[in-house]
Every structure is written in C-alpha cells, then in structure tokens.
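# Reading the structure
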Amino acid sequence: MSDTTQLPGFMGALDRASEWFGRTLAWLIIIMMLIQFAIVLLRYAFSVNSIFMQELVMYMHASLFMLAAAYTLRHDGHVRVDIFYRGMSPRRQALVNIVGIVSLLMPVMVFIIASSLGYVSNSWRILETSSDYGGIPAVYALKTLIPLFALLMIVQGVIEIVRNGYVMAGRIVPPSTDDRHLEERV
C-alpha cells in the first residue's frame, strides 16, 4: 500500500501489524516446501515415513491459509465479482466495501466464532492428539485456528471500514488499480 493510504493512530498501528504478520506468515511457504521435500526424499530414497512431518506440513498449510486471510483482505486479494464495482468511483467503491464488510463479513465471522468455541474448547479440555501413531499431539492447537482466523478477519474488517470511511471522507486517496499493479511488480 502506498503512503497515501496510511491510517493514523491505533488503526494505523493495527494495519501495520497486519501487514507485518502477513509477510511473516509468507515464510511458512518456504519452510513447508522444504519439509515436504524432506518427506519425499526420506520416503523414496530411504524408505522412511514420518507421520509427524506429514502432519506438520498439514498444520503449516492450515496456519498459512487461516491466518493470512486477513492479510489477503487488507490487500483486496479476495475473489470479487467486479462487473459494476470496477467502474465505480473510489468513494462508491468504499461504500460498497463498508456495506459488504458490515452485512456479510462481520456476521459470518461472528457465526464462525460462536459455532466453533464449543468444538475448540472440547478439544482443549481433552488435549486432543493425533489419531495416528507418531502424529502431532496438539490437534487442539490446529482447531484453535478456526476462531483465531475469524477474530483476525474481524480486526482487519474494522480496519477496512475505517480505511474506507477515510476514503469516503476524502481524507485518504486509495491507490488506483494501475498503482496497485505497479507496486506489486516492484
């Protein structure tokens, strides 16, 4: 994001933290790839199979996608049917974004939290482990990603509401689509 879209104060700090967290999570891709390479090498070169390593890749994959969803929202990287949206003015786009976040994103995320808390707390209560011998003994940690994902999405949703409110008020100028593509190439 360019300097023209920086938010002031606490929201700006949350926004920068979201950016840092998303970029940090990206390193999981490299680590996950190296572990997967080791799994294949061990299996085919040495006939060694590691359930722990296989589950570790699964946990990292789940962590990456569940926890980086807010980063994707921050960068407007989710799928959008923009037949009408792309032709709108930035202020109208900001209004559509706010309405979508308030009427769709927030209720779904609250539902996910509400419906997963019992599931996750039961897993923590029994300290659920892998059903496979030699697997990761922390299934409860994996299940904790569900409400954590929704919480991060709510926080990023609030940040986006504020950002779009600033766009509607003319206090910040969103980067144009051409600017975004230029930033991604640099």
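The rules we used
- Per-chain numbering applies: the sequence of each chain, read as written, is numbered from 1 onward.
- With pLDDT at 70 or above as the cut-off, local features in this predicted model cover only qualifying residues; side-chain atom pairs require 80 or more to be listed or tallied, and sums for whole chains, interfaces and linings still use all residues.
- Derived side-chain values reflect all non-hydrogen atoms in the structure, with water molecules and hydrogen atoms excluded from consideration.
- Strands are runs of DSSP state E lasting at least 2 residues, helices are runs of H or I lasting at least 4, and numbering of each runs from the N terminus.
- A helix is expected to reach a length of 1.5 Å times the quantity of its residues less one.
- We call two residues in contact when some of their heavy atoms are within 4.5 Å.
- Relative accessibility under 20% of the residue-type maximum defines a buried residue, over 50% an exposed one, and the middle range a partly exposed one, all with a 1.4 Å probe and only protein chains included.
- Nonpolar side chains (Val, Leu, Ile, Met, Phe, Trp, Tyr) within 5 Å and like charges within 9 Å form the patches, drawn only from residues with over 30% relative accessible area and no salt bridge.
- Here the open area of atoms and residues is found with the Shrake-Rupley method and a 1.4 Å probe, where only the protein chains shown may cover a residue.
- The term salt bridge refers to a side-chain nitrogen of Lys or Arg lying within 4 Å of a carboxyl oxygen of Asp or Glu.
- Every axis in this analysis is a line fitted to C-alpha atoms, fitted for helices over the stretch in contact. Angles between the N-to-C directions lie between 0 and 180 degrees.
- For classification purposes, angles smaller than 35 degrees are called roughly parallel, those larger than 145 roughly antiparallel, those between 65 and 115 roughly perpendicular, and all remaining angles oblique.
- Polarity classes work like this: nonpolar for Ala, Val, Leu, Ile, Met, Phe, Trp, Tyr, Cys and Pro, charged for Asp, Glu, Lys and Arg, and polar for all others, with Gly in that last group.

Look at helix 3 (residues 51-67): 24 Å from first C-alpha to last across 17 residues, which is about the 24 Å you get at 1.5 Å a residue. Buried residues along helix 3 sit against helix 1 (9-25), helix 2 (27-46), helix 4 (69-74) and helix 6 (139-169).

Moving on: the side chain of Asn-164. Inspection of the secondary structure puts Asn-164 in helix 6. For Asn-164, a relative accessible area of 8% puts it in the buried group. Not counting residues up to four positions away in its chain, the partners in contact with Asn-164 are Ala-94, Asn-97 and Ile-98.

Together, Trp-27, Ile-30, Ile-31, Met-33 and Leu-34 line one region of the surface with nonpolar side chains, adding up to about 540 Å² of accessible area. Structurally, the position occupied by Met-33 is in helix 2. With a relative accessible area of 53%, Met-33 lands in the exposed category.

In this section: the packing of helix 3 against helix 6. Relative to each other, helix 3 and helix 6 sit at 10°, their axes nearing to 9 Å. In terms of their interaxial angle, helix 3 and helix 6 are classed as roughly parallel. Within the contact between the two elements, helix 3 uses Met-58, Tyr-59, Ala-62, Ser-63, Met-66 and Leu-67 and helix 6 uses Val-139, Leu-142, Leu-145, Ile-146, Leu-148, Phe-149 and Leu-152. Looking at side-chain class alone, the contact of helix 3 with helix 6 contains twelve nonpolar, one polar and no charged residues.

Okay, the pattern of salt bridges next. A pair can form between side chains of opposite charge whenever their charged atoms are brought close. Using the criterion set out here, one finds six salt bridges in the structure. The residue Lys-143 makes a salt bridge to Glu-128 at a minimum N-O spacing of 2.7 Å. Note that Lys-143 is positioned in helix 6 and Glu-128 in the loop between helix 5 (90-125) and helix 6, a separation of 15 residues in sequence. Taking relative accessible area as the criterion, Lys-143 reaches 14% and is therefore assigned buried. Look at Glu-128 and you get partly exposed, because its relative accessible area is 22%. A network of salt bridges, in which partner residues are shared, links Asp-15, Glu-19, Arg-23, Arg-74, Glu-160 and Arg-163.

Glancing now at unusual backbone geometry. Even without a glycine there, the phi angle at Ser-47 is positive, about 55°. Locating Ser-47 in the fold gives a position in the loop between helix 2 and helix 3. Note on Ser-47: relative accessible area 68%, which makes it exposed. For Leu-127, which is not a glycine, the phi torsion comes out positive at approximately 50°. Its location among the elements puts Leu-127 in the loop between helix 5 and helix 6. Classification of Leu-127 as partly exposed rests on a relative accessible area of 47%.

This paragraph deals with the packing of helix 1 against helix 2. Running from N to C, helix 1 and helix 2 cross one another at 15°; their axes reach a closest spacing of 4 Å. Regarding the angle of helix 1 to helix 2, the classification is roughly parallel. Two secondary-structure elements touch here, helix 1 through Arg-23, Thr-24 and Leu-25 and helix 2 through Trp-27, Leu-28 and Ile-29. Per-class residue counts for the contact of helix 1 with helix 2 are four nonpolar, one polar and one charged.

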